[in-house]
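Topology and contacts: notes
Chain residues, written in single-letter form:
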Amino acid sequence: MEITKDIQYVGVNDLREELFEGQFIVPNGMAYNSYVLLDEQIAVFDTVDAAFQEEWLKKIENVLGGKTPDYLIVQHMEPDHSANIVAFIEKYPKAKIVSSSKSFLMMKNYFGSDFSERQMVVGDGASLHLGKHELTFIAAPMVHWPEVIVTYDKTEKVLFSADAFGKFGAIDADEDWACEARRYYFGIVGKYGVQVQTLLKKLASYEIKTICPLHGPVLKDNLEYYLRLYDTWSSYGVESEGVLIAYTSVYGHTKEAVELLATRLQEKGCPKTVVCDLARSDMAEAVEDAFRYGKLVLATTTYNGEIFPFMREFLAQLTERNFQNRTVGFIENGSWAPMATRVMREKLEKCKNLRYTQATVKILSALSEESRGQIEELADELCKE
Ligand code: FEO
């Protein structure tokens, strides 16, 4: 696949992985992208997952047409991109490895060698001339690991963006970009909004015509759309007006309350209501929706003097990703000592800029006239804002 006249795609689709990074479901597979830039000197950008070593090396060989690469540029040392460094240098022993100093430390840990005889360490702003192509390396620490660099090709205005602008799904998966890019972003990089903002500010001074990420499709059209979404996500802004109701229910009574609230919100004209049963849904999907919408209602039962386990896990996932800037309401259920709202508020204590609704809902085992009235108040308040 030709990306530009001089850049060829040599990545692979992984359709066998059930859990990417050991935790994220990937129903439409995963792409590990790699690129070859052909100039007077030839550079290969990143490797792929270990399971695809042979396929990847064959693809490189095919685009090289008998030539040999001069550089392997390692932008990110996570094994989904770096597992085949040793195989590459065994096949192309004259190639240099171009990467950040932190990457080479990681190589020593992964491979028992930092390849000192073929190292080319590049810092922020360093450049490399391949002939007519001039590459600039830009440090992008914590997008997604500390050693990450991204690379800008001044000649064809291409950004090799490492994990940034990546998504779940095979490269040719027929699906909405934002949906799986958002789940990927908040699942994997969501904690590091500040660092993503820093990278976006650095990139603002470059004219970019093509983005070549390490996962998902190459982006060529309407790049402002992708950059704007990344800006919203990394600044923890509200992407869509609406309410996510995330709940757990043991015997169905909390669920009944949630369904009543969702119905009343729709009837009152709430722009969008999304309901998520945390015990039965993909947790990463619930997390992305919490960051997507401006309002969140948490509904759960008191359980062992705490809250139901799936809600506990959900709140842990939100707080570790710096959940902030949202309106939050609560529905609690308890048969003898309800305390779920207090526990949930305590868990959110360190989150910045959360606004709690005045109305809260307390259910004592099952819905009553009183708790139905509280749901009506909560729906009113959520719709009024
Ligand atoms: Fe795609 Fe952070 O590795």
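Sequence order as written defines the numbering, with residues in each chain counted from 1. At least 70 in pLDDT is required for a residue's local features to be given in this predicted model, at least 80 for side-chain atom pairs to be given and counted, and no such filter applies to totals for whole chains, interfaces and linings, which use all residues. Each side-chain value is worked out from all heavy atoms of the structure, with water and hydrogens disregarded.

**Some remarks on the overall build of the protein chain**
- Scanning the protein chain from terminus to terminus reveals 12 helices and 22 strands.
- Across its three principal directions, the C-alpha atoms of the protein chain cover 80 × 40 × 35 Å.
- Remark: exposure states derive from per-residue accessible area (1.4 Å probe, protein chains only) relative to the maximum for the residue type, with buried under 20%, exposed over 50%, and partly exposed in between. A buried classification covers 55% of the 385 residues belonging to the protein chain.
- By the convention used here, residues are in contact when the closest approach between their heavy atoms is within 4.5 Å. Within the protein chain, residue pairs in contact and separated by at least 24 positions form 71% of the contacts whose partners lie at least 6 positions apart.
- Surface accessibility follows the Shrake-Rupley procedure with a 1.4 Å probe radius. Residue values consider only the protein chains on display as shielding. Only carbon and sulfur atoms are counted for the fraction: they give 48% of the accessible area of the protein chain, which is about 16400 Å². In this text, helices come from DSSP runs of H or I with a minimum length of four residues, and strands from runs of E with a minimum of two, each type numbered from the N-terminal end.

**Examining the packing of helix α9 (residues 283-292) against helix α10 (residues 309-320)**
- Between N-to-C directions, angles span 0 to 180 degrees; the directions come from axes that are lines fitted to C-alpha atoms, helices contributing only their stretch in contact. At their nearest, the axes of α9 and α10 sit 10 Å apart, and the two run at 55° to each other. As far as their axial angle goes, α10 and α9 are oblique. Remark: the crossing between α9 and α10 carries right-handed chirality. When α9 is examined against α10, the residues M283, A286, V287, A290 and F291 are found in contact with a partner set consisting of F310, E313, F314, Q317 and L318.
- For this classification, the nonpolar set comprises Ala, Val, Leu, Ile, Met, Phe, Trp, Tyr, Cys and Pro, the charged set comprises Asp, Glu, Lys and Arg, and every other residue, Gly included, is treated as polar. A per-class count over the contact of α9 with α10 returns 8 nonpolar, 1 polar and 1 charged. Roughly parallel here means an angle under 35 degrees, roughly antiparallel means over 145, roughly perpendicular means 65 to 115, and every remaining angle is called oblique. In this scheme, a crossing is called left-handed if the near helix is turned counterclockwise away from the far one by less than a right angle; it is called right-handed if the turn is clockwise.

**Observations regarding the domain arrangement of the protein chain**
- On domain assignment, one finds that the protein chain holds domain 1 (7-234) and domain 2 (243-380).
- Note that domain bounds follow an automatic or database assignment of domains. Inter-centroid distance (C-alpha atoms) of domain 1 to domain 2 is 38 Å.
- In this complex, domain 1 contributes 9 residues to the contact, which on the side of domain 2 involves 10 residues.
- A simple way to read buried area is as the amount of 1.4 Å-probe accessible surface that goes missing from two parts once joined, with both sides added. In total, domain 1 and domain 2 occlude about 930 Å² of area from one another, counting both sides; carbon and sulfur atoms represent 51% of this.
- The largest per-residue losses of area from domain 1 upon contact with domain 2 belong to R182, R183 and F186, which jointly make up 55% of the total buried on that side.
- The term salt bridge refers to a side-chain nitrogen of Lys or Arg lying within 4 Å of a carboxyl oxygen of Asp or Glu. At the surface where domain 1 touches domain 2, the tally comes to 2 salt bridges.

**Digging into the pairing of strand β9 (residues 96-99)**
- Sheet analysis places strand β8 (residues 71-73) next to β9, joined by 3 bridges and oriented parallel. Pairing of L72 across the sheet is with I97, part of β9.
- Relative to strand β10 (residues 119-121), β9 runs parallel, the two being bridged by 3 bridges. Bridge pairing in β10 links V98 to M120.
- The parallel pair β9 and β10 is bridged by helix α4 (residues 101-111), and the resulting crossover is right-handed. Pairing between two strands is assigned when DSSP locates at least 2 bridges connecting them. Looking down the strands as they point away from the viewer, one classifies a crossover as right-handed if the path from the first strand across the helix to the second runs clockwise.

**Quick notes on the nonpolar core**
- We call a set of buried Ala, Val, Leu, Ile, Met, Phe, Trp, Tyr and Cys residues a nonpolar core when their side-chain atoms join them within 4.5 Å. Ranked by internal contacts, the top residues of the largest apolar core, which has 93 residues, are L298 and F314.
- By residue number, the principal contributor to this core is helix α5 (residues 177-189), which donates 8 residues.
- Residue assignment places this core across two domains, with domain 1 (7-234) and domain 2 (243-380) each supplying three or more.
- Once residues within four sequence positions are removed from consideration, L298 is found in contact with A246, M311, F314, L315, V328, G329, F330, I331, M344 and L348.
- I7, A31, L135 and V158 belong to the second-largest nonpolar core, a separate cluster that totals 21 residues.

**A closer look at the sheet that holds β10**
- Overall, mixed pairing links the 6 strands, which are arranged β1-β6-β7-β8-β9-β10 in an open sheet. The open sheet has two edge strands with one neighbour each: β1 (7-9) and β10. Each strand of the sheet is rotated relative to its neighbour by a mean of 25°, with strand direction disregarded.
- Running over the sheet, α4 touches β9 and β10 and is turned about 120° from β9.

**Concerning the pairing of strand β14 (residues 158-162)**
- Counting buried residues along β14, 5 of its 5 residues qualify, which places the element largely inside the surrounding structure.
- Across the two faces of β14 the burial is the same, with V158, F160 and A162 and L159 and S161 all buried.
- Two successive antiparallel strands, strand β13 (residues 149-153) and β14, enclose a turn made up of 4 residues, where K157 displays a positive phi of approximately 55°.
- One ladder, built from 4 bridges, connects β14 with strand β15 (residues 210-213); its direction is parallel. Looking across to β15, one finds that L159 is bridged to I211.

**Quick notes on the pattern of salt bridges**
- Within the structure shown, the criterion is met by 29 salt bridges.
- The closest approach of N and O atoms between K132 and D6, which form a salt bridge, is 2.5 Å. With K132 in the loop between β11 (127-129) and β12 (134-139) and D6 in the segment before β1, this pair connects stretches of sequence that are 126 residues apart.
- Assessed through its relative accessible area of 8%, D6 is described here as buried.
- For R321, the salt bridge goes to E320, with nearest N and O atoms at 3.3 Å.

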